[in-house]
Every structure is written in structure tokens, then in C-alpha cells.
Amino acid sequence: MKYKIPFAKPYITRAEKRAVNKVLSSGQLGQGKKVEEFEEMFAKYVGSKYAVAVSSGTSALFLSLRALGIGEGDNVIVPSLTFTASASVIHHCGATPIFCDVDMKNLCMDEGEFTELSKLTRPKAAIIVHLTGNSVDWKPREIPVIFDSAHLIEENCHQGDLQTYSFHPTKNMTTGFGGMITTNNEEYYKYLKLARLHGCTKRNSNEGLDTGSRRWGYDVSFCGWKMNMNDIQAAIGIEQLKKLNWMNEQRLRCIIRYNYNLRLKNTGLHLYPMLVRDRVKFMDFMDDSGIQCSVHFEPLHLMKAYSDVSLVHKLPNTEWIGRHIVSLPLFPELKNKQIDYICQRIKKSGFSNFP
């Protein structure tokens, strides 16, 4: 179905196309100088010492868990109201996700619930999600924390031991697909640089094997993964980062107009969620109106893949929100008159208010 108003649309200009063509013409398409330049720019933008570019937000989460030493038998607290990547990476490390309820106001992990779960499960780490772009301003001191910042990329937003980002086409900035990890910890940084590319490192000619040349000799420090970014993606990311402040300002403009029309108080810059009484009928109505909406998210603990994970606490907020939440279109080029039309159709639907 072709929508009059799509749910999301990346803001791509001639600058990205020129940057990609320049890389293509150079013949150097793999991980190279452009990736290094992008990492340096990104670290400076978010306020971290180090940044490591990877193939996706999912690989960023997985490698961050490995950097913390998460493995078999470990517990990791994570919200259930998030995309599956936030929890599936815990499984892939051989650990167990401990699902936590969320706060009704900002949809992010509830601090009180987290404290209680920590006492009961003795987790080795936590993944805290900045859902919809809402910044979580608390951090446990007892265990290392990965902030899943797939929905939040703003100036000086780095916090925690490790923070991960996604550059999926629907995100606040894109590289097509790709991700980033930021940290202030040098040991994590060194590990991540190796882990993203098979654990390979350069070897001097006098280090055990006769390589014959210091230019091409290498060693495999450990069995890592193939999760690096390439220069084509990085070239796009550099141009996107240059205009990210403007793109976020345009998202804020949209949010302010939505809030005014719908009498809501949303703040996150990535998604515009709202709660509706009958989601199936609401989504059908919006489809018929030519407006593409989405759902972020349905609870993970109710999914088949996580049926073997025992809940320590009930998650009433997550389950209620998961039945009623929808996300409205939000992207920099969304026009005010389009927002007004969306809000007019929402009110016309009759499903947007609770008794």
C-alpha cells in the first residue's frame, strides 16, 4: 500500500551522494580512513572518549555485552517493552534476560522495579533503553550498564559504561544500516576494536612467526566476529552527523505540534507514541486515511522466543502499554499541515481517548 504520509523517511541530500561517490571512486570500500573519521566525529558529538563503528545496533549491543564478560549463567536486566535485539543479544551470550517493568510516564525501565529485581536476581549487568528517545537519568552503581541508545542520538548524550546506537534508516540519523559503541573505558575500547573484526591485530616480524614484512603480518588475538562498518556507510554517517542538530530540531517541531493538537506531553525525539483504545480498528482507520503508523513495542516476555524465560515480577505496565501503544509518523520533512491532518483523522477515529 502506498501511503500519503509514510511512517518514517530518511533525510538524504546531495551531500551523502557525493560522499559515497567519492569513496566508490577511491576504490577503498572497506573499513578505512572514513570509518576512523566518523568515529572521531561521533565521539566528539556525544561527549565520549572513544567510539567504535560496527555493522548494526544489534552488533553494538552484543559486542558491548562481550566486553563486559557476559556469558553462560549470567543474569542481565532488560526492559520487556523494547525491540527484541535488546534481549536476544543476551541469549546469544549464553546469559538470561531478566525482564523489568517500565514507568508509565516515560516508557523506560522503572527504577524501583530494577532495584527489587537486582536484590532477587543478582545481575551481572543491565541494558537500559532510551525508549522513543526519552533519556533515562538514573544509573545503578553496583553493576555495569549498557545504555541502548538506538532511539537517542543527541549532543553530549553519552553516559554509562557503554552506550550503543543504531543507524537504521528509520533512526534520527542513518548510514543505511550500521551502529556505534561509545565508552570512556580504554580497555573496553581496545577489546571492541579487535572483537568487531575477527580479533585480528597487526604483528611485528619478530613476534614468533617469520611474516617477512611488518606491513602485512598479523595475528588473531581471539576468535572475534565480523561486525565492522565500511567506508561507504561511514561517508554517509559523516554527512548525516553534520546536519543531525537540524534534523533533531525538525523532529522537535513535529513533536511540539503533535502535543498541541493531541494535548499530550511527549518529549523523545525518535518516536511519537500515543495510547489508543482499540488498536486494530485504529490502525485500520489510519491505513484507510493514507497514514502509516506502527507499534513500538509489544512485550518481549509474551513472545514465543522468550517463553522459556521465567518472570521474577509481574509486568502490568508493560502489558497494558503493549496492548494500546501506537507510533505516529515522525521525520524531519514532515510538514505542519500533514501533522494537522494526522491529528484530525485521529480525533475522527474515535479510538484515541479512554473513558
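Read on for an overview of the structure. (Residues numbered from 1 in each chain as written. Predicted model: local features only at pLDDT ≥ 70, side-chain atom pairs only at ≥ 80, totals over all residues. Heavy atoms only, no water.)

**Thoughts on the packing of aromatic side chains**
Following the criterion strictly, the structure yields twelve aromatic pairs and no others. Between Phe42 and Phe167, the ring centres sit 5.6 Å apart and the planes meet at 75 degrees, which makes this aromatic pair edge-to-face. With Phe42 in helix α2 (residues 33–46) and Phe167 in the loop between β6 (162–166) and β7 (179–183), this pair connects stretches of sequence that are 125 residues apart. Neither residue differs from the other here; Phe42 and Phe167 are each classed as buried. (Phe/Tyr/Trp six-rings, centres within 6.5 Å; stacked < 30°, edge-to-face > 60°. Helix = DSSP H or I, 4+ residues; strand = E, 2+ residues; numbered from the N terminus. Buried < 20%, exposed > 50% of the residue type's maximum accessible area, 1.4 Å probe, protein only.)

**Some details on the sheet that holds strand β5 (residues 145–148)**
Across the sheet, which stays open at both edges, the seven strands sit in the order β1-β7-β6-β5-β4-β2-β3 with mixed pairing between neighbours. The sheet is open, and its two borders are formed by β1 (50–54) and β3 (96–100), each paired with just one other strand. Each neighbouring strand pair of the sheet contributes to a mean axis angle of 20 degrees, computed without reference to strand direction. As paired strands, β1 and β7 are joined by five bridges and run antiparallel to one another. For Tyr50, the partnering residue across the bridge sits in β7 and is Thr183. Contacts from α2 reach β1, β6 and β7 within the one sheet, and its direction differs from that of β1 by about 130 degrees. Sitting on the sheet, helix α3 (residues 57–67) touches β1, β2 (75–79), β4 (125–129), β5, β6 and β7, and the angle it makes with β6 is about 165 degrees. (Pairing = 2+ DSSP bridges. Axes fitted to C-alpha atoms, helices over the stretch in contact; angles between N-to-C directions. Contact = heavy atoms within 4.5 Å.)

**Focus: the pattern of salt bridges**
Tallied over the full model, the rule gives eleven salt bridges. One salt bridge connects Lys243 with Glu16, and the closest N-O pair in it is separated by 2.9 Å. Of this pair, Lys243 sits in the loop between α7 (231–242) and α8 (244–262) while Glu16 sits in helix α1 (residues 14–26), and the two are 227 residues apart along the sequence. Taking relative accessible area as the criterion, Lys243 reaches 15% and is therefore assigned buried. In this structure, the salt-bridge partner of Glu39 is Arg196, at a minimum N-O distance of 2.7 Å. Taken together, the residues span a long stretch of sequence, with Glu39 in helix α2 and Arg196 in the loop between α6 (186–195) and β8 (200–202) at a distance of 157 residues. Like Glu39, the residue Arg196 is buried in the burial classification. (Salt bridge = Lys/Arg side-chain N within 4 Å of Asp/Glu carboxyl O.)

**A few points about the packing of α3 against helix α4 (residues 85–92)**
Pairs of packed helices are described in terms of their axes, by the angle between the two and the distance that separates them. Across the interface, α3 lies against α4 with an axial gap of 9 Å and an inter-helix angle of 40 degrees. The angle between the axes of α3 and α4 places the two elements in the oblique class. Of the two possible hands of crossing, α3 and α4 adopt the one that is right-handed. On the side of α3, the interface is formed by Thr58, Leu61, Phe62 and Leu65, while α4 contributes Ala85, Ser86, Val89, Ile90 and His92. Split by residue class, the contact of α3 with α4 holds six nonpolar, three polar and no charged. (Parallel < 35°, antiparallel > 145°, perpendicular 65-115°, else oblique. Left-handed = near helix turned anticlockwise from the far one by under 90°. Nonpolar A, V, L, I, M, F, W, Y, C, P; charged D, E, K, R; others polar.)

**Some words on unusual backbone geometry**
The linkage connecting His296 with the following residue, Phe297, adopts the cis geometry, with an omega of 5 degrees. A positive phi is found at Leu107, a non-glycine position, where the angle reads about 70 degrees. Tracing the sequence through the fold places Leu107 in the loop between β3 and α5 (111–121). Its identity is not glycine, yet Asn156 carries a phi of approximately 55 degrees, on the positive side. Its relative accessible area of 60% is what places Asn156 among the exposed residues.

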